[in-house]
Amino acid sequence: MSASDSLRAALSTDLDTLREAGQYRWLRHFDSLQEPVTRVDGREVVLLSSSNYLGLARHPRLVAAAREATARHGTASGSSRLIAGNHPLYEELEEALALFVGAESALVFATGYLANVGMIPAIAGEGDVIFSDALAHASLVDGCRLSRARTEVFRHNDPQTLEAALRANAEARRKLVLVDGVYSMDGDLSPLPDLLAVCEREGAWLLLDDSHGTGVLGERGRGTAEHFGLAGRVPIQMGTLGKSLGSFGAWVAGPRELRETLINRARGFIFTCALPPAALASSLAALRVLEDEPEHRARLWENTRHLREGLRSLGYDLGGSETHILPVFIADASQVMPFCEALLDAGVFAQGIRPPSVPEGASRLRVCAMATHAKDQLDRALEAFDRVGRRMGIIS
Ligand SMILES: *Cc1c(COP(=O)(O)O)cnc(C)c1O
């Protein structure tokens, strides 16, 4: 057997195992991206699966900023930031981001995944203990694995369990606590005021991953901390620029020494190319749009309310969602992907989410409106949820 035949055979076995476990994933084809109605695998559907929550990815100001930056500065940074990839646009964006979240400084990373796997090992290591919410994002989990710190998982959104764990590890050199602001699969909010109080009392550093709160929550869209009146109080915050900000990249914000440490020690910052000018310019434009055009946020919440009330009145179980992310729980896990496919045929795309992305027994469709949906598009989607759900016995 040739080497590539043996590779093929070994991987085929792995893939069969995934198929048997109902965990096989594949790529869908979209004719156009980020529009409220698009074509998926040849079918016209209302898109309820995008994290472009505010619709900024097609906003004329972002598109124009990306185009101008490309025309002026080219398509690539051509190097890592530390070698020849730094550019005034970076520092302009970092200053704007720091101001936006009320921190002393910010550092841009190529993605949120890289920010988390780069940052955590840069600030915690041997002799330290990391306390991670049970539903913390995969990139935070991987960051813990890459650090040499011991990781303690505490019960989801439970400050008491966290406090007990912090007390039991009082001797740790450093204590780092990891939470999401808005949990990406459940749409529930972290109890930030209580978590922050516990961390302050026990001398732990709170790291808030606000990838889904940024742009969306708070009076000015500054995220979960602003929502709770805690802007500027969280020692370490990060978020992506690729979701509600309609651009690409990610940021970490905190004290100046954090920024310097990350430049010196975060491998996910050091050993990767700097973002292209277009991404920096469209991120800057997004921050300005958030400030000048609060209507996008208002429309997102209006659409979310409409969708949430519609789904609930049809009899769907949306768990404890308090935000724009609406999990539609499906009791029988084997129905999740057939339901998702039947909805596609009926003109709606809401992605099915199964283990390992969510715990066993908690399969769901993840549904999100965008600011750009028209009411009649959402009504069309609700009608499909009604018809298909009844036919499949998911609702009665
Ligand atoms: C999407 C996401 C990330 C990763 O951000 P990218 O820029 O897409 O790599 C990190 N944390 C959370 C909670 C996310 O939802």
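Calculation rules
Residues numbered from 1 in each chain as written. Predicted model: local features only at pLDDT ≥ 70, side-chain atom pairs only at ≥ 80, totals over all residues. Heavy atoms only, no water. Pairing = 2+ DSSP bridges. Helix = DSSP H or I, 4+ residues; strand = E, 2+ residues; numbered from the N terminus. Contact = heavy atoms within 4.5 Å. Axes fitted to C-alpha atoms, helices over the stretch in contact; angles between N-to-C directions. Phe/Tyr/Trp six-rings, centres within 6.5 Å; stacked < 30°, edge-to-face > 60°. Buried < 20%, exposed > 50% of the residue type's maximum accessible area, 1.4 Å probe, protein only. Domains from an automatic or database assignment. Buried area = accessible area lost by both parts, 1.4 Å probe. Polar contact = N/O pair within 3.5 Å; in protein donor to acceptor, adjacent residues only side chain to side chain. Near = heavy atom within 4 Å. Areas by Shrake-Rupley, 256 points an atom, 1.4 Å probe, with all protein chains shown as cover. Nonpolar A, V, L, I, M, F, W, Y, C, P; charged D, E, K, R; others polar. Lys, Arg positive; Asp, Glu negative; His and termini not counted. Salt bridge = Lys/Arg side-chain N within 4 Å of Asp/Glu carboxyl O.

Bringing the sheet that holds strand β11 (residues 348–349) into the picture now. The mixed open sheet is built from 3 strands, whose spatial order is β1-β2-β11. Lying at the two open borders of the sheet, with one neighbouring strand each, are β1 (37–40) and β11. Most of the contacts of helix α15 (residues 375–391) go to strand β2 (residues 43–47), to which it runs at about 105 degrees, and overall it touches β1, β2 and β11.

Another point: the environment of alanine 231. Mapped onto the fold, alanine 231 is located in the loop between α9 (224–227) and β8 (236–240). Ignoring anything within four residues of it in the chain, the contact list for alanine 231 reads Ala225 and Glu226.

Summed over all chains, the structure comprises 5 aromatic pairs. Ring centres 5.5 Å apart and planes at 85 degrees place the aromatic pair tyrosine 316 and phenylalanine 385 in the edge-to-face group. One end of the pair, tyrosine 316, is in the loop between α13 (295–314) and β10 (325–329); the other, phenylalanine 385, is in helix α15, and 69 residues separate them in sequence. Here the two residues tyrosine 316 and phenylalanine 385 agree in accessibility, since each one is buried. Summarising the aromatic geometry, the rings of phenylalanine 339 and phenylalanine 385 are spaced 6.0 Å apart at their centres and angled 80 degrees between planes, so their arrangement reads as edge-to-face. On the criterion of sequence distance, the pair formed by phenylalanine 339 in helix α14 (residues 336–345) and phenylalanine 385 in helix α15 is long-range, its members being 46 residues apart. Residue classification places phenylalanine 339 among the buried positions, given a relative accessible area of 0%.

Looking now at the domain arrangement of the chain. Considered domain by domain, the chain is made up of domain 1 (24–53 + 294–391) and domain 2 (58–292). Placing a centre on the C-alpha atoms of domain 1 and another on those of domain 2 gives a separation of 27 Å. In this complex, domain 1 contributes 27 residues to the contact, which on the side of domain 2 involves 26 residues. Taken over both partners, the interface formed by domain 1 and domain 2 buries close to 1800 Å², and the fraction arising from carbon and sulfur atoms is 55%. If you look at where domain 1 meets domain 2, you find 12 residue pairs in polar contact (both at pLDDT 80 or more). Elements that contribute at least two residues to the side of domain 1 that touches domain 2 include exactly α13, β10 and β13 (364–368). Of the residues forming the side of domain 1 that touches domain 2, the biggest block, 5 residues, is contributed by α13.

Turning our attention to the site of the ligand. For the ligand, the full set of nearby residues is Thr111, Gly112, Tyr113, His137, Ser139, Asp180, Asp209, Ser211, His212, Thr240, Lys243 and Gly249. Here an oxygen atom of the ligand sits 2.8 Å away from a polar atom, N or O, in the main chain of glycine 112. Burial of the ligand by the protein amounts to 84% of the accessible area it has alone, namely 380 Å². The class makeup of the residues in the shell around the ligand is 1 nonpolar, 8 polar and 3 charged.

Further remarks concern the sheet that holds β10. In spatial order, the strands read β10-β13-β12; together these 3 strands make up an open sheet with antiparallel pairing. In the strand order of this sheet, the two ends are held by β10 and β12 (352–353), each with one partner. By the bridge criterion, 2 bridges tie β12 to β13 in an arrangement that is antiparallel. Each bridged residue has a counterpart across the sheet, and for isoleucine 353 the counterpart in β13 is arginine 364.

The next thing to look at is the side chain of aspartate 180. Checked against the element boundaries, aspartate 180 lands in strand β6 (residues 175–180). Despite its burial, aspartate 180 remains without a salt bridge, the nearest opposite charge being carried by lysine 243 at 8.4 Å. A distance of 3.4 Å separates a polar atom in the side chain of aspartate 180 from the backbone nitrogen of histidine 137. Not counting chain neighbours up to four residues away, the residues in contact with aspartate 180 comprise Leu135, Ala136, His137, Leu140, Ser190, Leu208 and Asp209.

Summarising burial for strand β4 (residues 129–133): 5 of the 5 residues are buried, a large majority. The side-chain alternation of β4 yields two buried faces, one formed by Val129, Phe131 and Asp133 and the other by Ile130 and Ser132. Note: β4 against strand β5 (residues 150–154), 5 bridges, orientation parallel. Paired with aspartate 133 across the strands is phenylalanine 154, a residue of β5.

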